[in-house]
Amino acid sequence: MLSTPPAGPLGPNRPKLACSLCARRKVKCDKSEPCSNCLKAHAQCIYEAPASPRPRKRAADEELLARLTRYEELMRSHNIDFSSHTHTWIPSNQKFQPKESHLAGSHAEKGDEASVQASSLLTDGTTAERERCLWSDLRPELKYPSIQSLRHKDDPALYPTPSLREAIADTQSIHDYHPEPKHIYRLWQIFVERVHPMTKIVHVPTLQQRVLDTSCNSYCASKPLTAILFAIYTISITSSSPGECETYFGLQKAVLLRQYRTATLRALIAADFLTTSDLEVLQALVLFLFSNPRCDLTTTLSGAALRLAEKMGLHQDTSDPNITIYEKEMRIRLWWQLRGLEARCRISSTPGMKPPPSSEIGDVRLPLNVNDADLHPDMTEPPLEHNGPTEMICVLLKMDVSNWRRRSPTASQLIESVMQGSVKSKEIIELESKAVDELNDIYCWRNTRNSDPHIPLHSLTQAIANLSIARFRFKIHHPRRRFGAAGNEIYITRDERDILFESALTWVQSMMDIRIRSKFPYYLFTHFTTDTYMDAYIHILLELRQRRSGDRVALAWQLVEDLFSEHPELIDDSNPFFVSFTDLVLDAWESRSYELARIQGGLEAVTTPRFIQRLFEKKRNNRLSDLTSSLDLHNPGSFELQDEEDTSWLSWGDFLQL
């Protein structure tokens, strides 16, 4: 009896290498189509073309590089500036070409490895040229930055939260802490305009009349209502600038925050907040936690609040007839906000902590897409959801991510993978990119239908969506995720570079729109996504050393200037990371200035931004100080150069401008 022939080819067209799955598993492949291992695993059997052999350097190439180095030395000796030609992207169909690799903060030429471009077979079967990634040349301080975000000038953490012991020790009557009626009304307005659109924890139409009634007689307020009032005072002051506090309330922000935080803690203690089953008390507690989401007290109490919510059954889709339609909706809103807050606190307080599993979200549905006016305590039928954007647009955008994790198996893997930043293969990166496309479709469905960019809340929501998607794309394609433990070189295509640059630019632009140009408090925004952004700025500056003109480049430089305007410590502080970062800025500006000089007719016509001038001044002062300290006054002949940077003509040129 004849045996059955194998499924795959056995002739000269038989694959030389194992299939992708067998190669990853390091098992023997019979090279059939499909192979037996893939048949058993019910997996797709894919044979990838072998990578093209890397050409060896020929003697002619070495001679050419030596001659180029000699010509560059001659031009430097005759004060001929050729640096404007060193950052230009020159497309070529050759397999390799000489190319300068620029070190951050220096002008040293790299060796042969930096001048090699490799070719790679993409997933669609086309071949694209790849070049050595610029990230490989960064200083360690910039490759793995110790600082990922800079503290905002109005960060609530700048105002310490009193401890529970201090609150208990206060013997003053809590009613004395209530502000004047006119101040209560202003604090309420700040809450309604700035805080409530991003939290939606309370029902404004119902609560407003109770607030006005209490402003005339605080002694008539119940303990839960008193706790909510003081929580509103606290979060409204937190959302106000120091100038607004002094103008509207006549006291410094630090004084007001300490006063209202203490009163809120006392009101919560009086309402037995650690053992409560009252929804209003839990609402007051969550509002108080949102007023300072990064402090240690919030990290601890958010876990307690979550246990209280679970005890009250907020995480379950209940059909209890004693719970009205109105109360059920408010319970759902509170649960989703508390769930997100506690998850953020857990991750930020414990380095390396993975996101909570999607099973912890519970089985409760998302809040309805309705306005507060659509809800009423006496309603007997659920309100009809709107097809377009409502007051819930921003809150629902935040909750869409958690809901997506709950129903999409790839969502949790994506979020966990991006957070860990571990090295990933090309196949994993492609799968993650598809997952981000899926999330982007969800955001577009939620956010773009009939939204109006002229409405501040709609504009804020769009900025958060853009930031979230851009951050995911940037993290997925970041070179750090391909950098192995052995320190192997990284090669990327021009398309990949464009994705990284555009993602970083969108990330930073959206963040600045929220931090600087939005009326909504930024500290609430950080719990919608994240405020770690220095990696994005580093990559933008890395690209600006070669991208020297165009609208996107002009936007990038404006965003860098905004960063320095908001954080002068970048110039004043001598932190090693700040020093390396500002060196990278000056390196990028050198390339930009030569391009502007070419367009405008000379370096004299180029207007140097003030922050760049200050950076140059600081660098010259530091060099002068180092040069002075290197001189031995008792032995003038002992003067010598300290390092290679002192021999750079550019360095001496800066020094002679003193």
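The structure presented is a predicted model; accordingly, all values stated were derived computationally and were not measured.

Caption draft 1: Summary view of the overall build of the protein. Along the backbone of the protein there are 25 helices and 3 strands. Expressed as a percentage of the 658 residues in the protein, the buried residues total 48%. A separation of at least 24 residues holds for 73% of the contacts in the protein among residues at least 6 apart in sequence.

Caption draft 2: How the structure looks around the packing of aromatic side chains. For the coordinates displayed, the defined rule picks out 12 aromatic pairs. Taking the centre distance of 5.4 Å and the plane angle of 85° together, the rings of Phe 230 and Tyr 233 count as edge-to-face. With a gap of 3 residues between them, Phe 230 and Tyr 233 both fall in helix 8 (residues 223–238), about one helical turn apart. The exposure classification of Phe 230 matches that of Tyr 233, with both residues buried. Ring centres of Tyr 233 and Tyr 260 lie 5.5 Å apart, and the angle between their planes is 55°; on these two criteria the pair is classed as tilted.

Caption draft 3: Spotlight on the pattern of salt bridges. All told, the structure shown has 27 salt bridges when counted by the stated rule. Where Arg 266 meets Asp 170, a salt bridge forms, and the shortest distance between an N and an O atom there is 3.8 Å. A residue pair is termed long-range when its members are at least 10 positions apart, and Arg 266 in helix 10 (residues 253–270) and Asp 170 in the loop between helix 5 (164–169) and helix 6 (181–199) qualify at 96 residues. For the salt bridge of Arg 339 with Glu 342, the shortest nitrogen-to-oxygen distance reads 2.7 Å.

Caption draft 4: Layout of the UniProt feature "domain: Zn(2)-C6 fungal-type" (unreviewed entry) in the protein. Taking the UniProt record as the reference, the feature "domain: Zn(2)-C6 fungal-type" (unreviewed entry) is found at residues 18–47. Overall, residues 18–47 shows 40% helix and 0% strand. The separation of its end C-alpha atoms is 7 Å.

Caption draft 5: Highlighting a nonpolar patch on the surface. A grouping of Leu 68, Tyr 71 and Leu 74 is seen on the molecular surface, where their side chains present a nonpolar patch of about 250 Å² in accessible area. Examined against the element boundaries, Leu 68 turns out to sit in helix 3 (residues 59–77). Using a relative accessible area of 37% as the deciding quantity, one classes Leu 68 as partly exposed.

Caption draft 6: The arrangement of the packing of helix 11 (residues 279–290) against helix 13 (residues 325–349) in detail. Put simply, helix 11 and helix 13 touch, their axes get as near as 11 Å, and they point 35° apart. With respect to the hand of their crossing, helix 11 and helix 13 are arranged in left-handed fashion. For the pair helix 11 and helix 13, contact is made by Leu 279, Leu 282, Gln 283, Val 286, Leu 289 and Phe 290 and by Glu 327, Met 330, Arg 331, Leu 334, Gln 337, Leu 338 and Leu 341, respectively. Its residues assigned to classes, the contact of helix 11 with helix 13 shows 9 nonpolar, 2 polar and 2 charged.

Caption draft 7: Examining the environment of Arg 186 more closely. Its place among the elements puts Arg 186 in helix 6. Looking at Arg 186, the relative accessible area reads 35%, which means it is partly exposed. Placed 50 residues apart in sequence, Arg 186 and Ser 236 show a C-alpha to C-alpha distance of 9.2 Å. Once residues lying within four places of it in the same chain are set aside, the contact partners of Arg 186 are Tyr 248 and Phe 249.

Caption draft 8: Representation of unusual backbone geometry within the structure. Cis rather than trans, the peptide bond between Glu 33 and Pro 34 has omega equal to 0°. You can see Pro 34 is positioned in the loop between helix 1 (20–25) and helix 2 (36–41). Although it is not a glycine, Lys 31 adopts a positive phi angle of roughly 65°. Topologically, Lys 31 is positioned in the loop between helix 1 and helix 2. Lys 31 gets classed as partly exposed once you look at its relative accessible area, which sits at 22%. If you check the backbone angles, Asp 272 has positive phi at about 55° while not being a glycine. In this fold, Asp 272 is placed in the loop between helix 10 and helix 11.

Caption draft 9: Main features of the state of the cysteines. Considering all chains together, one arrives at 0 disulfides under this definition. In this structure Cys 35 is a free cysteine whose sulfur lies 3.5 Å from that of Cys 38, the closest cysteine sulfur available. Owing to a relative accessible area of 0%, Cys 35 belongs among the buried residues under this scheme. A disulfide-free cysteine, Cys 295 has its sulfur positioned 8.2 Å from the sulfur of Cys 345, the nearest such atom. Cys 295 gets classed as buried once you look at its relative accessible area, which sits at 15%.

Caption draft 10: Summary view of helix 17 (residues 456–477). Along its 22 residues, helix 17 runs 32 Å from first to last C-alpha, staying within 8% of the 32 Å computed at 1.5 Å per residue. Counted residue by residue, helix 17 has 17 buried out of 22 residues, so it is predominantly covered.

Caption draft 11: Fine view of the side chain of Asp 535. Along the polypeptide, Asp 535 turns up in helix 20 (residues 534–544). Here the side chain of Asp 535 touches Gln 148 through a polar contact of 3.1 Å, side chain to side chain.

Caption draft 12: Structural context of helix 6. In the structure, helix 6 departs most strongly from a straight axis at Val 192, where the bend amounts to approximately 40°. All of the buried residues along helix 6 are His 183, Ile 184, Leu 187, Trp 188, Ile 190, Phe 191, Arg 194, Val 195, His 196, Pro 197, Met 198 and Thr 199. Backbone geometry just after helix 6 places Lys 200 at a positive phi near 55°.

Caption draft 13: Examining the side chain of Glu 244 more closely. For Glu 244, the position within the fold is in helix 9 (residues 242–249). Polar contacts involving the side chain of Glu 244 include one to the main-chain amide nitrogen of Ser 241, which spans 3.0 Å. Look past the residues within four positions of Glu 244 in its chain and what remains in contact with it is Arg 194 and Phe 249.

Caption draft 14: Local environment of the nonpolar core. Residues Leu 282, Tyr 537, Trp 557, Phe 564, Phe 581, Val 585 and Phe 611 are the most contacted members of the largest nonpolar core, which totals 149 residues. Considering every element that reaches this core, the biggest residue donor is helix 17, with 11 residues. The residue makeup of this core includes at least three contributed by each of domain 2 (170–382) and domain 3 (414–626 + 648–657).

Caption draft 15: Fine view of the packing of helix 6 against helix 8. Between helix 6 and helix 8, the least distance of the axes is 9 Å, while the angle of their chain directions is 65°. Considered as vectors, helix 6 and helix 8 are oriented roughly perpendicular to each other. In this structure, the crossing between helix 6 and helix 8 has a hand that is left-handed. Note on element contacts: helix 8 touches helix 6 through Ile 232, Tyr 233, Ile 235, Ser 236 and Ile 237, opposite Ile 184, Leu 187, Trp 188, Ile 190, Phe 191 and Val 195. Taken together, the residues that form the contact of helix 6 with helix 8 break down as 10 nonpolar, 1 polar and no charged.

Caption draft 16: Examining the environment of Phe 520 more closely. For Phe 520, the location among the structural elements is in the loop between helix 18 (494–515) and helix 19 (522–525). Exposure remark for Phe 520: the relative accessible area of 6% places this residue in the buried category. Distance from Phe 520 to His 196, taken between C-alpha atoms, is 9.9 Å for residues 324 residues apart in sequence. Ignoring any residue separated from it by four or fewer positions in sequence, one finds Phe 520 in contact with Glu 193, Arg 194, Pro 197, Met 198, Pro 456, Leu 457, Leu 460 and Ile 514.

Rules behind the numbers
Residues numbered from 1 in each chain as written. Predicted model: local features only at pLDDT ≥ 70, side-chain atom pairs only at ≥ 80, totals over all residues. Heavy atoms only, no water. Helix = DSSP H or I, 4+ residues; strand = E, 2+ residues; numbered from the N terminus. Buried < 20%, exposed > 50% of the residue type's maximum accessible area, 1.4 Å probe, protein only. Contact = heavy atoms within 4.5 Å. Phe/Tyr/Trp six-rings, centres within 6.5 Å; stacked < 30°, edge-to-face > 60°. Salt bridge = Lys/Arg side-chain N within 4 Å of Asp/Glu carboxyl O. UniProt positions renumbered as here; feature names shortened; annotations may be inferred. Patch = residues over 30% accessible without salt bridge, like charges linked within 9 Å, V, L, I, M, F, W, Y side chains within 5 Å. Areas by Shrake-Rupley, 256 points an atom, 1.4 Å probe, with all protein chains shown as cover. Axes fitted to C-alpha atoms, helices over the stretch in contact; angles between N-to-C directions. Left-handed = near helix turned anticlockwise from the far one by under 90°. Nonpolar A, V, L, I, M, F, W, Y, C, P; charged D, E, K, R; others polar. Disulfide = S-S within 2.5 Å. Expected span 1.5 Å × (residues − 1). Polar contact = N/O pair within 3.5 Å; in protein donor to acceptor, adjacent residues only side chain to side chain. Bend = angle between axes of the 7 residues up to and from the residue. Core = buried A, V, L, I, M, F, W, Y, C linked by side-chain atoms within 4.5 Å. Domains from an automatic or database assignment. Parallel < 35°, antiparallel > 145°, perpendicular 65-115°, else oblique.

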